[in-house]
Amino acid sequence: IAKGFGVDCVARLFDRKGIRNYMIDIGGELVLKGQNSKMEPWRIGINKPIDDSLSVNQELQTVLEITNAGMATSGNYRNFYYKDGKKYAHTIDPRTGYPVQHNILSSTVIAKDCATADAYATSFMVMGMEGAKQILKKHPDLCAYLIYADEKGQNKIWYSPSLKNKILN
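Now for a description of the structure that goes with this document. (Residues numbered from 1 in each chain as written. Predicted model: local features only at pLDDT ≥ 70, side-chain atom pairs only at ≥ 80, totals over all residues. Heavy atoms only, no water.)

Things to note about the overall build of the chain
And then number 1: Broken down by element type, the chain carries 2 helices and 12 strands.
And then number 2: Counting helices and strands in the order they occur from the N terminus, the chain gives α-β-β-β-β-β-β-β-β-β-β-α-β-β.
And then number 3: Looking at the chain as a whole, 41% of its 169 residues are labelled buried.
And then number 4: Counting only contacts in the chain whose residues sit at least 6 apart along the sequence, the fraction spanning at least 24 positions is 53%.
And then number 5: Accessible surface, the chain as shown: approximately 9700 Å² in total, 53% of it carbon and sulfur. (Helix = DSSP H or I, 4+ residues; strand = E, 2+ residues; numbered from the N terminus. Buried < 20%, exposed > 50% of the residue type's maximum accessible area, 1.4 Å probe, protein only. Contact = heavy atoms within 4.5 Å. Areas by Shrake-Rupley, 256 points an atom, 1.4 Å probe, with all protein chains shown as cover.)

Listed below in structure tokens is the structure:
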């Protein structure tokens, strides 16, 4: 959660300096406050989880309208490797010490601050869909947008009800 914490530190500095409208982005971890230059809430895209270790593909899955929040995305579609025909992701399950083998491809979380969003986004990658949904029921202040592979390998989405009014497309 270091990037999320770093974004929060910069946001606190901006707040102390009286800056009211900003978007801070460190490696995809964000804090958004106030409005953009068009005097609208910030519009933030979520990338499609396409295996892309070079970050060349920037095709969007959806666009969210967000302000006064932290946002983080964790995914296993950029940092991975193949060995003996099997894909290994960079997210490690602390219970086993091995890369996670869940069907979540991308986990985006919106929270009061970026460190919190970062921690939950990463933990949802470890927990899987059911674990993430259980946590979200207990924490209605969190919003989540999860992209996962169904039984046939097709990409599907699930998002928390609290996120519905923030989705633009």
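What follows picks up the thread again.
Observations regarding the pairing of strand 2 (residues 29-33)
And then number 1: Counting buried positions along strand 2 yields 4 of 5 residues, so the element is predominantly enclosed.
And then number 2: Relative to strand 2, strand 1 (residues 22-26) runs antiparallel, the two being bridged by 5 bridges. Bridging across to strand 2, Met 23 finds its partner in Leu 32.
And then number 3: With antiparallel pairing between neighbouring strands as the criterion, strand 1 and strand 2 make up a hairpin whose turn holds 2 residues, including Gly 27 at a positive phi of roughly 60°.
And then number 4: Here strand 2 pairs with strand 5 (residues 69-75) via 3 bridges, running antiparallel. Paired with Leu 32 across the two strands is Ala 69, which belongs to strand 5. (Pairing = 2+ DSSP bridges.)

Focus on the packing of aromatic side chains
And then number 1: Applying the stated criterion across every chain yields a total of 3 aromatic pairs.
And then number 2: With centroids separated by 5.2 Å and ring planes inclined at 90°, the aromatic side chains of Phe 14 and Tyr 22 adopt a geometry described as edge-to-face.
And then number 3: By relative accessible area, Phe 14 is classed as partly exposed at 25%.
And then number 4: With relative accessibility at 4%, the residue Tyr 22 sits in the buried group.
And then number 5: With 6.2 Å between their ring centres and 5° between their planes, Tyr 145 and Tyr 159 make a pair best called stacked. Residue Tyr 145 is found in strand 11 (residues 143-149), and its partner Tyr 159 is found in strand 12 (residues 155-159); the two are separated by 14 residues along the sequence.
And then number 6: By relative accessible area, which is 2% here, Tyr 145 ends up buried. (Phe/Tyr/Trp six-rings, centres within 6.5 Å; stacked < 30°, edge-to-face > 60°.)

Details of the sheet that holds strand 1
And then number 1: A sheet is described by the order of its strands in space; here 6 strands give the open sequence 1-2-5-10-11-12, paired in antiparallel fashion. Each edge of the open sheet carries a strand with a single partner, namely strand 1 and strand 12. Along the sheet, successive strands turn relative to each other by an average axial angle of 10°, direction set aside.
And then number 2: With respect to the sheet, helix 1 (residues 2-16) is in contact with strand 1 and strand 2, its orientation differing from that of strand 1 by roughly 150°.
And then number 3: Running over the sheet, helix 2 (residues 114-138) touches strand 2, strand 5, strand 10 (104-111), strand 11 and strand 12 and is turned about 125° from strand 10. (Axes fitted to C-alpha atoms, helices over the stretch in contact; angles between N-to-C directions.)

Regarding the side chain of Asp 113
And then number 1: Structurally, the position occupied by Asp 113 is in the loop between strand 10 and helix 2.
And then number 2: Looking at Asp 113, its side chain comes within polar contact range of the side chain of Lys 112, at 2.8 Å.
And then number 3: Within the structure, Asp 113 has its side chain in polar contact with the backbone nitrogen of Thr 116 (distance 2.8 Å).
And then number 4: Every residue in contact with Asp 113, bar those within four places of it in the chain, is listed here: Asp 8 and Gly 70. (Polar contact = N/O pair within 3.5 Å; in protein donor to acceptor, adjacent residues only side chain to side chain.)

Some words on the environment of Lys 164
And then number 1: With respect to the helices and strands, the residue Lys 164 is situated in the segment after strand 12.
And then number 2: What makes Lys 164 exposed here is its relative accessible area of 59%.

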